[in-house]
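Close look at the chain arrangement
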Amino acid sequence: MTALQLDHVSKVYRSGDDDIVALDDANLTVAADEMIGLIGPSGSGKTTLISIAGGLLTPTEGSVLVGGENITGYNAKELTRFRGEQVGFVFQTVNLVPFLTARENLLVVGELSGGRAGRKQATTRADQLLDELGLGHRHDNLPRQLSGGERQRVAVGRALMNEPKLVLFDEPTSALDTHLGEQVMDLIRSEVKGRGTAAVIVTHDARVTTYCDRVVTIIDGRLAETAAASA
Amino acid sequence: MRIALRELRRRPGRFGPVTAALILLTVLLLFLGGLLDGLYIGATGALRAQRAAVVVYSADANDSIIRSRLDTTTRAQIERISGVTAVGGLGISLLGAKVPGETTLADAAVIGYQRPPTGVPAVPPPGDAWADRRLEAFGVRVGQTLRLGPREVPIRVRGWVEDTNYLLQGSLWVAPDTWRRAQNASRPDAPFAAGEFQVFVADGPGDPGVLARRIDRATGNATATLTKDAAVLASPGTRQQKSTFNGIIGVTFVVVGLVVALFFALLTLERSPIYGVLKAIGTTTRRLFAGVLLQALIVATAAFLIGGLITLGLTSLLPARIPILLVGSRAITTFGGILLTAAIGGAISLRRIARIDPVTAIGTGT
């Protein structure tokens with residue numbers, strides 16, 4: 001089963017009289033339990049690519065399938081529903097809701113996307129995820145009471161809360177020191193692999209790529225090179 | 001919704017400034033409303049209590065009871081009109097009353113009447129009066145004899161009535177002859193003869209406006225007849241007071257809306273990054289907006305409750321002679337108005353929330 005399939009995807013931004021090609025005829029397939037690293041210089045199109053893959057942006061051309069669902073022609077409302085149900089995000093800056101506890105930050109996903117699962121079920125799942133992420137004693141702590149690494153782990157838990165087909169990580173270790181970064185990447189790999197979830201990790205950090213099954217390089221909007229990684 | 005409620009619970013201080021501002025505005029609104037109601041009710045009770053469809057003035061009185069004068073001929077003309085079921089005379093004199101044991105004069109409205117209004121018993125014997133409780137603040141007690149006007153006409157207080165005052169003067173409901181004696185003693189230059197009154201109150205079925213026109217036609221336009229509601233508003237200063245106070249109250253409600261709008265616009269601006277993240281993970285603009293609206297309504301409700309208690313406390317400290325009256329209907333309309341303007345103010349943030357792009361949550365590169 002394919003978790004993500006981009007076929008001839010392009011994204012062009014209009015700036016005055018000029019067209020800026022952020023993504024140029026990109027083709028990418030990510031298997032259901034595959035973890036890939038996406039590297040490239042600033043402005044190369046990494047963010048555009050994962051934004052399109054996660055339903056945050058729509059492509060100018062090409063088609064996008066996530067977990068077999070073709071989201072290419074989705075409107076804003078459909079994309080919102082899709083994001084709530086099919087993908088998980090871990091952002092560069094952790095961006096937890098500051099006045100919610102670790103558990104509540106996970107429950108936000110269920111509540112905001114309409115709470116498909118019952119509240120009790122969602123709470124059980126949130127507690128289970130936090131336990132797995134080594135935050136068993138931190139369920140009721142607010143983000144300011146957590147360390148940087150713990151916050152990022154909560155963010156990982158939030159991304160996994162809706163049992164997504166695909167998790168998109170945007171520089172997940174950029175705000176962490178080397179040691180914490182390694183801990184978080186170990187955790188990400190074990191969680192993603194343990195659940196058979198696909199992951200795309202945008203990074204500048206070469207060490208992160210060692211945790212990936214495959215590394216894709218993007219330059220000037222083109223997926224120029226695919227290299228094997230040593231996971 | 002839960003997020004909005006948790007924010008209110010865990011960060012109450014963040015909503016402190018807007019709550020404090022709304023408390024002050026609530027106190028202001030309730031005070032203004034209380035004064036308006038106090039003035040209106042204190043000025044118009046005698047007319048509001050009338051069991052009549054219309055009030056008949058003399059044509060040259062400019063809708064003023066004090067300036068009006070109608071004789072028995074006019075009364076007979078009115079009584080002959082088909083559809084007029086009852087006619088009663090009414091005369092009002094504004095006089096100072098000497099109260100036994102008190103050094104200051106009580107402001108009194110001596111009202112001679114024939115048809116008992118709502119809440120006023122049958123016409124008392126000559127020399128007796130039903131007194132409005134407003135006069136208690138001047139030291140008036142049942143059984144006392146008050147001395148009215150420059151000639152000190154004696155009137156004995158027989159019992160109490162309520163909400164029957166005229167122009168903020170405590171009413172003394174007396175027999176027509178008693179009123180004429182008091183009136184003629186203070187205005188010997190223009191005495192009222194037996195059977196003469198300042199106005200007549202008339203009743204009859206159907207549209208009061210039609211009845212009023214029929215009366216004026218029947219008297220050859222020697223009269224100017226107003227419906228009871230119009231007569232209430234024609235009381236001196238009443239319409240002006242209402243429009244002035246309502247204007248101030250309206251502007252205050254606009255300020256409530258602006259305060260809420262500004263606060264939540266700033267809050268939304270501050271929350272933009274977190275809203276971006278929430279949108280990215282699947283929340284809808286509608287849910288975020290509902291949260292803002294819920295917070296605005298809860299803050300407004302809390303402010304109203306606290307402001308209401310403060311107003312109650314403050315008004316209990318005011319002297320009884322200040323015409324402020326807190327009535328339930330005013331509190332309800334004020335609460336409704338605050339909720340409505342808070343909701344409108346909160347709604348200003350909708351556009352800003354709608355414009356937050358979830359893609360902003362994810363990096364800044366292309």
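On a predicted model such as this, the values are computed, not experimentally measured, just so you know. (Residues numbered from 1 in each chain as written. Chains lettered and ligands numbered in written order. Predicted model: local features only at pLDDT ≥ 70, side-chain atom pairs only at ≥ 80, totals over all residues.)

1. Quick notes on the overall build of chain A
The condition that has to hold: Per the convention used, a helix needs a DSSP run of H or I reaching at least four residues, while a strand needs a run of E reaching at least two, with both numbered from the N terminus. This radius of gyration counts C-alpha atoms alone. The globule rule is 2.2 Å times how many residues there are, raised to the power 0.38. The exposure scheme places C-beta atoms from the backbone and then counts, for each residue, the other C-beta atoms within 10 Å of its own, assigning buried at 20 or more, exposed at 12 or fewer, and partly exposed in between. Two residues qualify as being in contact provided that their C-beta atoms, derived from the backbone, are within 7 Å of each other.
If you tally the helices and strands in chain A, you get 7 helices and 10 strands. Here chain A has a C-alpha radius of gyration of 17 Å; the compact-globule value for 231 residues is 17 Å, and the two agree. Among the 231 residues that make up chain A, the fraction classed as buried is 49%. Intrachain contacts of chain A at a sequence separation of at least 6 include 69% that bridge at least 24 residues.

2. Section: the overall build of chain B
Secondary structure summary: chain B contains 10 helices and 9 strands in total. The C-alpha radius of gyration of chain B comes to 29 Å, more than 25% above the 21 Å expected for a compact globule of 366 residues. Across its three principal axes, chain B shows a C-alpha extent of roughly 95 × 50 × 30 Å. Within chain B, the proportion of its 366 residues that are buried is 43%. Long-range pairs, those at least 24 residues apart, make up 82% of the contacts in chain B with a sequence separation of at least 6.

3. Here's the deal with the packing of helix H2 (residues 16–48) of chain B against helix H9 (residues 328–347) of chain B
All names here are of chain B. Quick reminder of the rule: Axis definition: a line fitted to C-alpha atoms, over the contacting stretch in the case of helices. Angles run 0 to 180 degrees between N-to-C directions. In a left-handed crossing the near helix is turned counterclockwise from the far helix by less than a right angle, and in a right-handed crossing that turn is clockwise. Each residue gets one label: Ala, Val, Leu, Ile, Met, Phe, Trp, Tyr, Cys and Pro are nonpolar, Asp, Glu, Lys and Arg are charged, and the others, such as Gly, are polar.
As a packed pair, H2 and H9 sit with axes 10 Å apart at the nearest point and diverge in direction by 145°. Crossing handedness for the pair H2 and H9: right-handed. Across the interface between the two elements, Thr 26, Leu 29, Leu 30, Gly 33, Gly 34 and Asp 37 of H2 pack against Arg 330, Thr 334 and Ile 338 of H9. Grouping the amino acids of the contact of H2 with H9 by side-chain chemistry returns 3 nonpolar, 4 polar and 2 charged.

4. Some words on the interface of chain B and chain A
Between chain B and chain A, the contact holds 23 residues from the first and 28 residues from the second. Elements supplying a minimum of two residues to the side of chain B that touches chain A: helix H1 (2–10) and helix H7 (238–280) of chain B. Of the residues that constitute the side of chain B that touches chain A, the class distribution is 11 nonpolar, 6 polar and 6 charged.

5. Quick word on the environment of Met 1 of chain A
Residues and elements named next belong to chain A. Within the element layout of this structure, Met 1 appears in the segment before strand E1 (2–15). The exposure class of Met 1 is exposed, given the 10 C-beta atoms found within 10 Å. The sequence separation of Met 1 and Ala 31 amounts to 30 residues, and the corresponding C-alpha distance is 6.3 Å.

6. Focus: the nonpolar core
What counts is decided by this rule: In this description, a nonpolar core means buried residues of the types Ala, Val, Leu, Ile, Met, Phe, Trp, Tyr and Cys, linked to one another by C-beta atoms lying within 7 Å.
Ranked by internal contacts, the top residues of the largest apolar core, which has 97 residues, are Leu 38 and Ala 53 of chain A. No other element matches the 9 residues that H7 of chain B contributes to this core. If sequence neighbours within four positions are ignored, Leu 38 of chain A has contacts with Lys 46, Leu 49, Ile 50, Val 200, Ile 201, Val 202, Val 216 and Ile 218 of chain A. Counting 61 residues, the second largest nonpolar core, distinct from the first, contains Ala 53, Ile 65, Val 123 and Val 157 of chain B.

7. Description of the sheet that holds strand E5 (residues 69–70) of chain A
Residues and elements named next belong to chain A. The cut-off we apply is this: Strand pairing is assigned whenever DSSP detects at least two bridges linking the two strands.
Overall, antiparallel pairing links the 4 strands, which are arranged E2-E1-E4-E5 in an open sheet. The open sheet has two free edges, formed respectively by strand E2 (18–31) and E5, since each of these has just one partner strand. As paired strands, E1 and E2 are joined by 10 bridges and run antiparallel to one another. The residue of E2 that forms the bridge with Ser 15 is Asp 18.

8. Let's talk about unusual backbone geometry
Phi at Asp 25 of chain A takes a positive value of approximately 50°, unusual for a residue other than glycine. In this structure, Asp 25 of chain A sits in strand E2. Positive phi is not limited to glycine here, since Asn 221 of chain B has a value of about 60°. Structurally, Asn 221 of chain B can be placed in the loop between helix H5 (208–218) and strand E9 (223–227).

9. As for the packing of H7 of chain B against helix H8 (residues 285–317) of chain B
Residues and elements named next belong to chain B. Contact geometry of H7 with H8 gives a least axis separation of 11 Å together with a crossing angle of 145°. Remark: the crossing between H7 and H8 carries right-handed chirality. Listed contacts from H8 to Val 260, Phe 264, Thr 268, Tyr 275 and Leu 278 of H7 are Leu 288, Val 292 and Ala 296. Split by residue class, the contact of H7 with H8 holds 7 nonpolar, 1 polar and no charged.

10. Re the confidence of the model for chain B
Selection criterion: Confidence scores per residue from the predictor, reported as pLDDT, run from 0 to 100.
Per-residue pLDDT for chain B averages 93, and the proportion of residues at 70 or more is 99%. With pTM at 0.81, the complex prediction returns an ipTM value of 0.87.

11. Section: the environment of Thr 26 of chain B
Residues and elements named next belong to chain B. Tracing the backbone shows Thr 26 in helix H2. Accessibility expressed as a C-beta count within 10 Å gives 25 for Thr 26, which makes it buried. Between the alpha carbons of Thr 26 and Gly 291 there is a distance of 23 Å; along the sequence they are 265 residues apart. Setting aside residues no more than four positions away along its own chain, Thr 26 makes contact with Ala 303, Phe 304, Gly 307, Gly 308 and Ile 338.

12. Quick word on the pairing of strand E3 (residues 35–39) of chain A
Residue and element names in this part refer to chain A. Taken across its 5 residues, E3 has 5 buried, putting it largely inside the fold. As defined by bridge partners, E3 adjoins strand E8 (residues 198–203) across 5 bridges and the pair is classed as parallel. For Ile 39, the partnering residue across the bridge sits in E8 and is Thr 203. Across 4 bridges, the pairing between E3 and strand E9 (residues 214–219) is parallel. Within E9, the position partnered with Gly 37 by the bridge is Val 215.

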